[in-house]
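One-letter residues, chain by chain:
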Amino acid sequence: MNVKNFENERWGRENQKISFRHKTAFEIITAIHDKEISVLDLGCGDGLFLSLLKEKGINGKGLDISEEGVAKTKNRGFEASIFDFSDKLTFADKTFDVVVSLDVLEHLYNPESLLKEASRVSNRFVIIGVPNFNSLPARIQVFFGAVPENNRPKKGHIYWFNYFALKKMISENNLVFKELRVNTIMENRFLIGNLFKIMAKIWPSLFALSFVVRLEKKLSNEN
């Protein structure tokens, strides 16, 4: 089964639920306090994130490899197109204020090419979200001989990110971290949840379950 067929099957049987990545990207964008900003959602799926933005009066458009996903996005009333993420984006440089790609890069054979394109067509910043394949739960599962949840075939994950791989890819593509947000295990539990939140900030490579980062293009005087 190729990537397109996998995604068509997925969007044909399920819908997205609001998760950490959606909430976080939404908070970052709406903090701009500018309803006139333009947003491109790369890997829009069924259009859930665009719907969240619309509630705040922010318009966006989406691209997805799945015909099923694009159809669902259009049914929500948004502009969306089918796009093969191995291709170049057809938009001119700096077309959109913000480009978002949430839990998409890990589904690609060459995520770096999409990151470059996202940076090219963005005028303000790029937001990406990826799971941490080396999280504490994943390491514990490996220790006991199990395949971690994110590494199982049903997830459709091709490129396995961790904190260091993410930082390396960002740095090599002339981008810089402007904001890093993570979620962690048991974060809603009293006391222990606060402890894990602190640890996730100090040691994201181990305690983060996923990363959502706001990226900007590196200035010439930045190392």
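Please refer to the structure placed before this passage.
Let us look at the structure shown here. (Residues numbered from 1 in each chain as written. Predicted model: local features only at pLDDT ≥ 70, side-chain atom pairs only at ≥ 80, totals over all residues. Heavy atoms only, no water.)

So, on to the sheet that holds strand E2 (residues 60-64). The sheet built from seven strands is open, its strands ordered E3-E2-E1-E4-E5-E7-E6 with mixed pairing. Every interior strand has two partners, whereas the edge strands, strand E3 (79-82) and strand E6 (175-183), have only one. Averaged over all pairs of adjacent strands, the angle between strand axes in this sheet comes to 20°, irrespective of strand direction. With four bridges connecting them, strand E1 (residues 39-42) and E2 associate as parallel partners. Within the sheet, the bridge partner assigned to Leu40 lies in E2 and is Lys61. (Pairing = 2+ DSSP bridges. Helix = DSSP H or I, 4+ residues; strand = E, 2+ residues; numbered from the N terminus. Axes fitted to C-alpha atoms, helices over the stretch in contact; angles between N-to-C directions.)

A grouping of Ile140, Phe143 and Phe144 is seen on the molecular surface, where their side chains present a nonpolar patch of about 400 Å² in accessible area. Position of Phe144 relative to the elements: it lies in the loop between helix H6 (136-143) and helix H7 (163-172). Overall, Phe144 belongs to the exposed group, its relative accessible area being 66%. (Patch = residues over 30% accessible without salt bridge, like charges linked within 9 Å, V, L, I, M, F, W, Y side chains within 5 Å. Areas by Shrake-Rupley, 256 points an atom, 1.4 Å probe, with all protein chains shown as cover. Salt bridge = Lys/Arg side-chain N within 4 Å of Asp/Glu carboxyl O. Buried < 20%, exposed > 50% of the residue type's maximum accessible area, 1.4 Å probe, protein only.)

Further remarks concern the packing of helix H1 (residues 3-13) against helix H4 (residues 67-75). Contact pair H1 / H4: the axes reach a minimum separation of 7 Å and the direction vectors enclose 40°. Classified by the angle their axes make, H1 and H4 are oblique. Contacts from Lys4, Asn8, Trp11 and Gly12 in H1 reach Glu67, Glu68, Gly69 and Lys72 in H4. (Parallel < 35°, antiparallel > 145°, perpendicular 65-115°, else oblique. Contact = heavy atoms within 4.5 Å.)

For the rest of this paragraph, the subject is the pattern of salt bridges. Under the counting rule described, the total for this entry stands at 18 salt bridges. Ionic pairing is found between Arg181 and Glu27, a salt bridge with its closest N-O pair at 2.6 Å. Here Glu27 lies in helix H2 (residues 20-30) and Arg181 lies in strand E6, a separation of 154 residues in the sequence. Looking at Glu27, the relative accessible area reads 42%, which means it is partly exposed. Residues participating in the shared-partner salt-bridge network are Glu27, Glu179, Arg181, Arg214 and Glu216.

Counting 31 residues, the largest nonpolar core has Leu40, Leu42, Leu89, Val99, Ile128, Leu166 and Leu215 as the members making the most contacts within it. Setting aside its immediate chain neighbours within four residues, Leu89 contacts Leu40, Leu42, Leu63, Phe83, Glu117, Ala118, Arg120 and Val121. The next biggest cluster of nonpolar side chains, apart from the first, holds 17 residues, and it includes Phe26, Ile29, Val98 and Phe125. (Core = buried A, V, L, I, M, F, W, Y, C linked by side-chain atoms within 4.5 Å.)

With that settled, the discussion passes to the environment of Lys72. With respect to the helices and strands, Lys72 occurs in helix H4. Once the C-alpha coordinates of Lys72 and Trp11 are considered, the two residues, 61 residues apart in sequence, prove to be 8.4 Å apart. Residues contacting Lys72, with those up to four places away along its chain left out, are Trp11, Glu14, Asn15 and Asp46. A polar atom in the side chain of Lys72 sits 2.8 Å from the side chain of Asn15. (Polar contact = N/O pair within 3.5 Å; in protein donor to acceptor, adjacent residues only side chain to side chain.)

The subject of this paragraph is unusual backbone geometry. For residues besides glycine, phi is generally negative; the peptide bonds are generally trans as well. With a phi angle near 55°, Asp103 is a residue other than glycine that sits in the positive phi range. Relative to the helices and strands, Asp103 resides in the loop between strand E4 (96-102) and helix H5 (111-121). Here the phi dihedral of Met186 falls at roughly 50°; this positive angle occurs in a residue that is not glycine. Looking at the secondary structure, you find Met186 in the loop between E6 and helix H8 (192-202). Under the relative-accessibility criterion, Met186 is labelled partly exposed at 36%.

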